Amino acid sequence: MRSWRKLVAVATALITLTALGACSSTRDDSGSGSTGSAAPSDTLIGIAMPTRSLERWNNDGAHLQQLLQKEGFKTSLQYADNKVDQQITQIQNMVNEGAKVLVIAAIDGTALGPVLQTAASSGIKVIAYDRLINDTPNVDYYATFDNELVGKLQGQFIETQLGLKDGKKGPFNIELFAGSPDDNNAKFFFKGAFDVLKPYLDSHVLVSPSNKVPASDAQWTQVGIQGWSSQTAQSEMENRLNSFYTGGKKVDVVLSPNDSLALGIAQALSGAGYKAGSDWPILTGQDADVANVKNILAGQQSMTVWKDTRTLGDQVAKMVTQIVKGQKVDVNDTTSYNNGVKNVPSFLLEPQVVTKDQVQSVLVGSGFVKASDVGL
Ligand code: BGC
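The paragraphs below set out a description of the structure included in this document. (Residues numbered from 1 in each chain as written. Predicted model: local features only at pLDDT ≥ 70, side-chain atom pairs only at ≥ 80, totals over all residues. Heavy atoms only, no water.)

## Observations concerning the overall build of the chain
Part 1: Regarding its fold elements, the chain presents 11 helices and 12 strands.
Part 2: Across the 376 residues in the chain, those meeting the buried criterion constitute 51%.
Part 3: Summarising the internal contacts of the chain: among those between residues at least 6 apart in sequence, 72% fall at separations of at least 24.
Part 4: Surface summary for the chain: the accessible area is close to 16200 Å², and the carbon and sulfur share equals 51%. (Helix = DSSP H or I, 4+ residues; strand = E, 2+ residues; numbered from the N terminus. Buried < 20%, exposed > 50% of the residue type's maximum accessible area, 1.4 Å probe, protein only. Contact = heavy atoms within 4.5 Å. Areas by Shrake-Rupley, 256 points an atom, 1.4 Å probe, with all protein chains shown as cover.)

## Brief notes about the layout of surface pockets
Part 1: What the largest pocket holds in volume is close to 220 Å³.
Part 2: What lines the largest pocket is simply Glu55, Asn59, Asp60, His63, Val290, Thr309, Arg310, Gly367, Phe368, Val369, Lys370 and Asp373.
Part 3: The dominant element in the lining of the largest pocket, judged by the number of residues it contributes, is helix H2 (residues 55-70), at four residues.
Part 4: Its residues assigned to classes, the lining of the largest pocket shows three nonpolar, four polar and five charged.
Part 5: As a volume, the second largest pocket reaches approximately 160 Å³.
Part 6: As for the second largest pocket, its lining consists of Ala276, Gly277, Ser278, Trp280, Ile296, Gly299, Gln301, Ser302, Thr355 and Lys356. (1 Å grid on protein atoms, 1.4 Å probe; cavity = no way out; pocket = protein on both sides within 12 Å on 5 of 7 lines; lining within 4 Å. Points joined across faces, edges and corners; volume = space filled by probe spheres on them. Nonpolar A, V, L, I, M, F, W, Y, C, P; charged D, E, K, R; others polar.)

## Looking at the sheet that holds strand E4 (residues 125-129)
Part 1: With parallel pairing, six strands are arranged side by side in an open sheet as E2-E1-E3-E4-E5-E11. In the strand order of this sheet, the two ends are held by strand E2 (74-79) and strand E11 (346-349), each with one partner. When the angles between neighbouring strand axes are averaged without regard to direction, this sheet yields 15°.
Part 2: Alignment of strand E5 (residues 141-145) against E11, held across four bridges, turns out to be parallel. (Pairing = 2+ DSSP bridges. Axes fitted to C-alpha atoms, helices over the stretch in contact; angles between N-to-C directions.)

## A look at the sheet that holds strand E7 (residues 206-207)
Hydrogen bonds along the backbone pair up the strands of a sheet, which may run parallel or antiparallel.
Part 1: Taken in spatial order, the four strands of this open sheet run E7-E6-E8-E9, and their pairing is parallel. The open sheet has two free edges, formed respectively by E7 and strand E9 (282-283), since each of these has just one partner strand.
Part 2: The strands touched by helix H6 (residues 184-202) are strand E6 (172-176), E7 and strand E8 (253-255); relative to E6, the strand with the most contacts, the crossing angle is about 150°.

## With respect to the side chain of Asn184
Part 1: Structurally, the position occupied by Asn184 is in helix H6.
Part 2: Setting aside its immediate chain neighbours within four residues, Asn184 contacts Leu132 and Asn134.

## Comments concerning the pairing of strand E1 (residues 44-49)
Part 1: In terms of burial, E1 is a largely internal element, six of the six residues being buried.
Part 2: Covered by surrounding structure in E1 are Leu44, Gly46 and Ala48 together with Ile45, Ile47 and Met49, the residues of both alternating faces.
Part 3: Pairing of E1 with E2, which is carried by six bridges, proceeds in the parallel orientation. When the bridges of E2 are listed, Ala48 appears paired with Gln78.
Part 4: For the crossover from E1 across H2 to E2, the handedness is right-handed. (Right-handed = clockwise from strand over helix to strand, strands pointing away.)

## Here's the deal with the nonpolar core
Part 1: Core analysis: the biggest nonpolar cluster contains 46 residues, and Leu206, Met237 and Ile265 have the highest contact counts within it.
Part 2: Top contributing element to this core by residue count: H6, with eight residues.
Part 3: The residues contacting Leu206, other than those within four sequence positions of it, are Leu162, Leu164, Phe172, Ile174, Leu197, Tyr200 and Leu201.
Part 4: Counting 29 residues, the second largest nonpolar core, distinct from the first, contains Ile47, Leu54, Leu64 and Ala105. (Core = buried A, V, L, I, M, F, W, Y, C linked by side-chain atoms within 4.5 Å.)

## Side note on empty space enclosed by the protein
If a probe the size of a water molecule is rolled over the atoms, the empty space left behind becomes visible.
Part 1: This model, assessed by the stated rule, comprises three cavities of 30 Å³ or more.
Part 2: When its volume is computed, the largest cavity comes out at roughly 140 Å³.
Part 3: Trp57, Arg131, Asp183, Trp228 and Asn258 are, among the 16 residues lining the largest cavity, the residues nearest its centre.
Part 4: Looking at the lining of the largest cavity, the elements that each hand over two or more residues are H2 and H6.
Part 5: Here the lining of the largest cavity is built from residues that sort into four nonpolar, six polar and six charged.

## A short note on the environment of Gln222
Part 1: Residue placement: Gln222 occurs in the loop between E7 and helix H7 (230-244).
Part 2: With 45 residues separating them along the chain, Gln222 and Phe177 place their C-alpha atoms 8.9 Å apart.
Part 3: Residues within four places of Gln222 in sequence aside, it is in contact with Val213 and Pro214.

## A word on the pattern of salt bridges
Part 1: Tallied over the entire structure, the rule returns 14 salt bridges.
Part 2: In this structure, the salt-bridge partner of Lys191 is Glu148, at a minimum N-O distance of 3.8 Å. With Lys191 in helix H6 and Glu148 in helix H5 (residues 147-161), this residue pair connects regions lying 43 residues apart in the sequence.
Part 3: With relative accessibility at 30%, the residue Glu148 sits in the partly exposed group.
Part 4: Where salt bridges share partners, they join Arg56, Asp60, Asp130 and Lys307 into one cluster. (Salt bridge = Lys/Arg side-chain N within 4 Å of Asp/Glu carboxyl O.)

## Considerations on the site of the ligand
Part 1: The ligand sits among 13 residues. The nearest are Arg56, Asp130, Arg131, Asp183 and Asp287.
Part 2: In the environment of the ligand, an oxygen atom lies 2.9 Å from a nitrogen or oxygen atom belonging to the side chain of Trp57.
Part 3: One of the side-chain N or O atoms of Arg131 is found 2.6 Å from an oxygen atom in the ligand.
Part 4: Here the ligand loses 99% of its free accessible area of 310 Å² to cover by the protein chains. (Near = heavy atom within 4 Å. Polar contact = N/O pair within 3.5 Å; in protein donor to acceptor, adjacent residues only side chain to side chain.)

Right, dumping it as C-alpha cells:
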C-alpha cells in the first residue's frame, strides 16, 4: 500500500514537472537548432518585438505568443524598448537558448546581419515580422501587410476627400510626414502615398508652405520622424505651424504615415487652435490604435489604415508550424521584397481604410477594439 502511494506520488510529480516544462516561456535546453522533426513541446520559438510603447506591438506579441503556445510551442517573447543593441542581445539569447525559429520585428532592419549569421550557423530559421530585415541572406520568410498599399490608401484618401481628380479646387496646403528612417517599412508607406500626391504637388494644386517636400520618394527620410515618436512629430508640426502658418494661413491636410505620429500632430493642431468640425485638417493614420480611434470619433483624425494584426499573427503561427514540421511554407509573393541580398519569400496581407462611419461596424464588429474602450 505504502509503495503504491509512493508510486502515485512520483508519477504525479513527474506529470507536474512535464507540464511545467511545457508551459515554460523562457528556456529550452534541447540542443541542436535543426528543424523538421522536433515535437512542438520541445521547440522554442523566439519572438523579438521592437517596443512596448506602441499599442500595436503589445497586441502583436501577445497574440502570436498565445497562438504558438496553443500549438504546444515554448516561446520567448522579448521587447527591446526601441533600442537596437538590446534587440540584438535578446536575439542572441534566443539563439543560445536553442530556439528553432525566430520571429523578428526589427527596430533597425539593417543591424541584424551578424546575429542572424550566428542563428543561421545553428540552423535556426528566421521570419521577418511586419518589417523586412535587410542586407543578410539569413532571413527565410517575410510576413507583413502590403506596405506600399498602406501609403497608397492614405494618398488616395486625400485625393478623394479634396476632390483632386476633378481638378476644380485648390490650391490646398499640405504637410508631409514619413516614418522612422531606420524602419524599412517607412519608405514603402511614403512611396505609396507620394506616388498619388506628387502630380498634384507638381501642378501646385497641393502646396506645402513649409516646403518640406522631398524631390522624389527616394529622399523620404527628409520628412522622417525618428523612432515613430509622437513627441517628435508634435514638435515638428508645432515648428511648421509657428513658422509657416502665420497671418491666418491654415493647413488643409497632413499626411501622417501612422497613428503614433498622427497623435502628436493632432496635439500640435489643438495647441494652435484648430477645431474639430470647423477648420481641422484632413489627417491620415495607420494601425487603429485606441487613442486614435477616439480621435477619429471626435473628428480629430480623418482615417486610419487598419491592419488586423491578428491575421498577421495567425499567418506567422502557421508559417512557424510549417517550418517546424518541415512542410512547404505558405507565401504569396516572391518578387516585391528584395532585402539587398535576395528576394525574400513573403506573405502579404491586405490593409483596409477605416473612417468614423466604420469604427462600429469594422473595428468593434470584428472585436479588434472594444466599444467601451473608445466610448461607444
Ligand atoms: C509598422 C506600423 C507601425 C510603425 C511604428 C511600422 O513598421 O508597420 O504598423 O505604426 O512601425 O511602430
